[in-house]
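# Tertiary structure, described
Okay, here's what each chain looks like letter by letter:
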Amino acid sequence: NYIRIERKKEVLLMLKSIRNSLVLTSLLYVVLGLLLLLFPGLSLGLARLLVGGVTLIYGVVRIVSYVKGGQQDSFELFIGVLLALLGLFLLAFMQFFMALVPFVLGVYILVDSIGAVKRSLDMRALGYRRWWLSCLVAGVLAVCGLVMVFDPFSTLEGLVMFIGLGFLFDGVYTLVNTLLFERLSR
């Protein structure tokens, strides 16, 4: 029982340190997802800048959150560094963007879904009865990531819309999970 209480304290401390970055990033993802869904013909150059910029910003936010929070959870730092490097790569090498977008974003969504599974297990540790629903959504995100990796779309517009749907889904999911998690911690 002592271990469970200590784990709960650890989870609550982690949530406080990354809450704002998760909410901000979720809102950015929702906006980006809506833009890509509603305007799939959007200039590819603008889409590349948005995806590269959002990925870089998200990575930096997670690194800063890790450093400011003084956490021991090195997974947050790893994801932050990985995303920051990915964002820089996307911004620096635009000509390779088209070939790499489905794969890179698919891998990112797969990695993010692993983090989502971890958060759902933390919800379970806090006593949230519907933690399995969060875990199920993380599985759906993983499937979306796999679809993006294998790029089954024949048109660029379809791919852009699918990427937008992925961002929208991920943003809403993370925002809802963060708010639920915060409510449970009170």
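Residues numbered from 1 in each chain as written. Predicted model: local features only at pLDDT ≥ 70, side-chain atom pairs only at ≥ 80, totals over all residues. Heavy atoms only, no water.

### Quick word on the overall build of the protein
For the protein, the helix and strand inventory stands at six helices and zero strands. Scanning the protein from its N terminus toward the C terminus, one meets helices and strands in the order α-α-α-α-α-α. Counted over contacts in the protein with a minimum sequence separation of 6, partners at least 24 positions apart contribute 78%. Accessible surface, the protein: about 9900 Å² in total, of which carbon and sulfur atoms supply 72%. (Helix = DSSP H or I, 4+ residues; strand = E, 2+ residues; numbered from the N terminus. Contact = heavy atoms within 4.5 Å. Areas by Shrake-Rupley, 256 points an atom, 1.4 Å probe, with all protein chains shown as cover.)

### Some remarks on the pattern of salt bridges
Evaluated as defined, the whole model comprises three salt bridges. Ionic pairing is found between E76 and R62, a salt bridge with its closest N-O pair at 2.9 Å. Of this pair, E76 sits in helix 3 (residues 74-92) while R62 sits in helix 2 (residues 44-69), and the two are 14 residues apart along the sequence. As far as burial versus exposure is concerned, E76 and R62 are alike and both buried. In this structure, the salt-bridge partner of R62 is D112, at a minimum N-O distance of 3.9 Å. With R62 in helix 2 and D112 in helix 4 (residues 97-125), this residue pair connects regions lying 50 residues apart in the sequence. Taken together, the shared-partner salt bridges in this structure form one network comprising R62, E76 and D112. (Salt bridge = Lys/Arg side-chain N within 4 Å of Asp/Glu carboxyl O. Buried < 20%, exposed > 50% of the residue type's maximum accessible area, 1.4 Å probe, protein only.)

### Points about the nonpolar core
Taken as a class, soluble globular proteins show a tendency for nonpolar side chains to be buried jointly. I163 and F167 are the most contacted members of the largest nonpolar core, which totals 29 residues. Taken together, the elements giving at least two residues each to this core come down to helix 1 (2-38), helix 2, helix 3, helix 4, helix 5 (131-150) and helix 6 (156-185). Residues L12, Y128, L180 and F181 belong to the second largest nonpolar core, which totals seven residues. (Core = buried A, V, L, I, M, F, W, Y, C linked by side-chain atoms within 4.5 Å.)

### Quick look at the side chain of S113
Along the chain, S113 falls in helix 4. Residues contacting S113, with those up to four places away along its chain left out, are A138, L141 and A142.

### Overview of a nonpolar patch on the surface
Taken together, the side chains of V31, L34, L35, L38 and F39 define a hydrophobic patch exposed on the protein surface, amounting to about 460 Å² of accessible area. Mapped onto the elements, F39 comes out in the loop between helix 1 and helix 2. (Patch = residues over 30% accessible without salt bridge, like charges linked within 9 Å, V, L, I, M, F, W, Y side chains within 5 Å.)

### With respect to the packing of aromatic side chains
How two aromatic rings sit relative to each other is set out by the distance from centre to centre and by the angle between their planes. Within the structure shown, the criterion is met by five aromatic pairs. Both rings, one in Y29 and one in Y108, keep their centres 6.3 Å apart while their planes meet at 80 degrees; by these two values the pair is edge-to-face. Of this pair, Y29 sits in helix 1 while Y108 is found in helix 4, placing the two residues 79 residues apart along the sequence. In this structure, Y29 and Y108 share a single accessibility class: buried. Relative to F93, the ring of F89 lies with its centre 5.1 Å away and its plane at 45 degrees, an arrangement referred to as tilted. The class of F93 is partly exposed, set by a relative accessible area of 38%. (Phe/Tyr/Trp six-rings, centres within 6.5 Å; stacked < 30°, edge-to-face > 60°.)

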